[in-house]
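Understanding the architecture of this molecule
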Amino acid sequence: IQTVLSRRKVCCWHVLIVGLLLSTGCSRKSAKRWNPGSPEPGQTCVFLLLGFGDLDGSQGLDQLAATLEGKGCFADLEPYRKWKAIARDILKDPPAKLVLIGHSHGGVDAINIAHVLKKQGVGVQLLVLLDVGRPDPIPANVDVAVHYYVVPPTLSFRTGPRSRLEPGNTHTQLIHVAVGPEGEVPEARDVDHMDICASAAIQKLIADRL
């Protein structure tokens, strides 16, 4: 119990520090586009959305992007604030295979992108959520959605699986994977909300799906 309480205190301090960085303008690692290029025809296109604090709050998401590029994917890492611009770019030339990955609030906006794409008939082959606290329902244009969530929950997140399908959505395969101290992935028992993106075990699970 003492260990869990200590982890929660540390996580709360991390969130406070990230908030101070944002308010003082110190978090600028994602000011420029991570990948200014464009996908080639037929190439799997992956958009990764950072949470609050950009790379200060989603450490390791850039490593995952680089790993996916190494697998032959087009990977672009962006702040959650750019989700509308990402949706517009996708709609200009929808890729043959689209993957959306979001950490924390980035996961909320990854779902927002999926909803925008649904209205235009564009599908999302894979949606990956990384410890998203209160995600909106997932639309039916998503083939597979995987949510890696930390247990016991940190911050003010609800206990147990938090993602759900939009009413009437019988298409999406929704998979919940518990990680963290009480999770089902032995190699990811030491992760919390702030460092889930940097977990080598979780990065491998994601990469193996592509």
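Residues numbered from 1 in each chain as written. Predicted model: local features only at pLDDT ≥ 70, side-chain atom pairs only at ≥ 80, totals over all residues. Heavy atoms only, no water.

Within the span of helix α5 (residues 200-207), buried status applies to A201, I202, Q203, I206 and A207. Summarising the contacts, the buried residues of α5 are in contact with α2 (61-70), β3 (97-103), β4 (124-130), β5 (142-150) and β6 (173-179). (Buried < 20%, exposed > 50% of the residue type's maximum accessible area, 1.4 Å probe, protein only. Helix = DSSP H or I, 4+ residues; strand = E, 2+ residues; numbered from the N terminus. Contact = heavy atoms within 4.5 Å.)

The next subject is helix α4 (residues 105-119). In an α-helix, one turn spans 3.6 residues; hence positions three or four apart end up facing the same way. Over its 15 residues, α4 extends 22 Å from the first C-alpha to the last, a length consistent with the 21 Å expected when each residue adds 1.5 Å. Turning to α4, its buried residues are G106, G107, V108, D109, A110, I111, N112, I113, A114 and L117. Close packing links the buried residues of α4 with β1 (44-50), α3 (83-92), β3, β4 and β5. Positive phi appears at G121, one or two residues downstream of α4, with a value of about 75°. (Expected span 1.5 Å × (residues − 1).)

What follows is about the packing of α3 against α4. Running from N to C, α3 and α4 cross one another at 35°; their axes reach a closest spacing of 9 Å. The handedness of the crossing between α3 and α4 is right-handed. From α3, W83, I86, A87, I90 and L91 reach across to α4, where they touch D109, N112, I113, V116 and L117. When its residues are assigned to classes, the contact of α3 with α4 shows eight nonpolar, one polar and one charged. (Axes fitted to C-alpha atoms, helices over the stretch in contact; angles between N-to-C directions. Left-handed = near helix turned anticlockwise from the far one by under 90°. Nonpolar A, V, L, I, M, F, W, Y, C, P; charged D, E, K, R; others polar.)

Residue P152 is reached from V151 by a cis peptide bond, and omega for that bond is 0°. Mapping P152 onto the fold places it in the loop between β5 and β6. One non-glycine residue, S104, lies in the positive phi region at around 55°. Within the secondary structure, S104 is located in the loop between β3 and α4. Positive phi, close to 50°, is recorded for D131, a residue that is not glycine. Residue position: D131 is located in the loop between β4 and β5. Its relative accessible area of 0% is what places D131 among the buried residues.

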